[in-house]
Amino acid sequence: MKKLIIPLLVCIFSLQTSAQQATQVNLTIQVGESVDIITSLRGGVWPQTCVNSDSQVASASKKGTNGREWTISGLKSGLATLSFQSVSGPNTTTHDIYVVSVVEVKSITIPSNLSLILGEEYTLSPVITDNGAVTSLTWQSSNTFVAQVNSEGRITTTGIGTTTITCTAHNGVSAQCVVTVNPVLITNLTLNEVETELTVGEKTQLEATITPDNATDKSVTWTSTNENVAVVDENGLVTAVGSGSCMIKATANDGSGKSASCLVTVEKNNKLTVTDMTQCSGGRGVLNVLLSDEETIMGFQFDLQLPEGVTVAENGSNLMAQLTGNAVNTHSISSSKISDGLYRFVVTPQGSRAISNANGDGMTITIDVADDMATGTYTMTIKDIEMTVRRTGNVFVDIHPKNSTATLTITEAVMGDVNGDGRVSVTDVISMNSYILEEEPAQFIRKVADLNGDGKVTITDMVQVIDIILGR
């Protein structure tokens, strides 16, 4: 029961005659609400009385012992006039008239449906009838995993789905709003590659970039338009399995319809590779160029890029490069220096024979390392590779395999280790003997062969190498 002390100075007017005087107060209360009043009547004969025009709308009951305190209660909506009377003198009656308007919450109006995005907030503003009716409201969500609501009707979304928000007045009148929380959809999807070239067996990692960052579901499904050319796993790792072209596609799983694709072109595994090597500063070594073929290769060419301080050795005016295996009899090499550190090699058939690693075919290139080459690791690259292959009959096609790189490790020279393998052994003695006989060993570090420092490599130096081996 709500208890209020109602002052008498609300909408007051006075009526006065020689026989009576009256004071009127307009009062609005809710159904079920009670308020306490103190009348303005003074003196007279106690107790006071109350005349009620409609006792079903409002009631009045005495409170206290002085006869001026009353409690007015709202029973149902409507209008009632309560006249409080007392005798203040001979033939004089005093009136306090309370015109009581009793109102009741008959309905609450809020949106019946509401669609929100996960992470969004929204405040419901209920409309209450009857006019003048007030009430305390309670709020409740049927599924707090989808949305929560506070005491002021503010909705906070917490998950995907549907929940019902109920607003209830003190007298049980309520209204409901069905709230649907939708995901934040992807607006844009891109890949880190839009086009790539692979060889059979090669892999590449595709990655999807999603916009916006707060998209609810960022997962994608990966597919290949031709799995005979390339396959892709659930993480976007592409593996080339056969020559041809296909599209690798990433499709958003959130129903946004967004997707992105990468064109993958796969060549057969025709390529040249160079092997890693270790050499001492001032040394000479052999760089192996290996052939990996899946088709009939008639010839090829490439450029060799060497780091500063490393050059292709020369024999007279010719670069020191030679074929290996059966290619010695079926093909020939032409070579030239394009610029500092860049050399070009062209391998052509002498007849109609193809070149194949099945026959041990390949090539070697002799390189020299400068005396002042700093120790460390360097990169050697075979690039701009072009191969001529025969597909069927006399149909020839040019293909362009990817670049191939190798690591050149430069170490400190060891006196007597003329072949640069990191130890002094009989092999070094044999290499020195070949050098003395002017037979040009494939690997020979002249500065560590001149053990006595006379500027020449002689039998005396070779004897000292033998002494090193024997520990003398």
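Residues numbered from 1 in each chain as written. Predicted model: local features only at pLDDT ≥ 70, side-chain atom pairs only at ≥ 80, totals over all residues. Heavy atoms only, no water.

**Q** Explanation requested: the sheet that holds strand S15 (residues 147-149) in the structure shown.
**A** Backbone hydrogen bonds are what pair the strands of a sheet, in a parallel or an antiparallel way. The strand order across the open sheet built from three strands is S12-S16-S15, with neighbouring strands paired in antiparallel fashion. Edge positions in the sheet fall to strand S12 (121-123) and S15, since each has one partner strand and no second. Direction aside, the axes of adjacent strands within the sheet are offset by 20 degrees on average. As judged from the three bridges shared by S15 and strand S16 (residues 154-157), these two strands associate in the antiparallel manner. Bridge pairing in S16 places glutamine 148 opposite threonine 156. (Pairing = 2+ DSSP bridges. Helix = DSSP H or I, 4+ residues; strand = E, 2+ residues; numbered from the N terminus. Axes fitted to C-alpha atoms, helices over the stretch in contact; angles between N-to-C directions.)

**Q** Explain unusual backbone geometry here, please?
**A** For residues that are not glycine, phi is negative in most cases, and the peptide bond is trans in most cases. Looking along the chain, the bond that leaves threonine 211 and enters proline 212 is cis, with omega of 0 degrees. Positive phi values are uncommon outside glycine, yet aspartate 384 reaches one of about 50 degrees. Relative to the elements of secondary structure, aspartate 384 occurs in strand S39 (residues 376-390).

**Q** What am I meant to see in the packing of helix H2 (residues 426-436) against helix H4 (residues 459-470) here?
**A** Each packed pair of helices is defined by two parameters, the angle between the axes and the distance between the axes. Taken N-terminus to C-terminus, the directions of H2 and H4 make an angle of 175 degrees; their axes are 10 Å apart at the nearest point. In terms of orientation, H2 lies roughly antiparallel with respect to H4. Within the contact between the two elements, H2 uses Val426, Asp428, Val429, Met432, Asn433 and Ile436 and H4 uses Ile459, Asp461, Met462, Val465, Ile466 and Ile469. For the contact of H2 with H4, a count of residues per class yields nine nonpolar, one polar and two charged. (Parallel < 35°, antiparallel > 145°, perpendicular 65-115°, else oblique. Contact = heavy atoms within 4.5 Å. Nonpolar A, V, L, I, M, F, W, Y, C, P; charged D, E, K, R; others polar.)

**Q** Please explain the environment of lysine 218 as it appears in this structure.
**A** Its place among the elements puts lysine 218 in the loop between strand S22 (208-211) and strand S23 (220-224). Relative accessible area serves as the criterion here: at 41%, lysine 218 is assigned to the partly exposed category. The sequence separation of lysine 218 and alanine 208 amounts to 10 residues, and the corresponding C-alpha distance is 9.2 Å. In contact with lysine 218, not counting residues within four places along its chain, are Ile186, Ile210, Pro212 and Asp213. Here the side chain of lysine 218 touches aspartate 213 through a polar contact of 2.6 Å, landing on its backbone oxygen. (Buried < 20%, exposed > 50% of the residue type's maximum accessible area, 1.4 Å probe, protein only. Polar contact = N/O pair within 3.5 Å; in protein donor to acceptor, adjacent residues only side chain to side chain.)

**Q** Explanation requested: H4 in the structure shown.
**A** A turn of α-helix holds 3.6 residues, and therefore any two residues three or four places apart point the same way. The end-to-end C-alpha distance of H4, which contains 12 residues, comes to 17 Å, matching closely the 16 Å that a straight helix rising 1.5 Å per residue would cover. Along H4, the residues that are buried comprise Asp461, Met462 and Val465. On an axial view of H4, the arc spanned by its buried residues comes to 100 degrees, and they lie on one face. On its buried side, H4 packs onto H2 and helix H3 (446-449). Looking one or two residues beyond H4, the residue adopting positive phi is glycine 471, at roughly 75 degrees. (Expected span 1.5 Å × (residues − 1). Arc of directions from axis to C-beta.)

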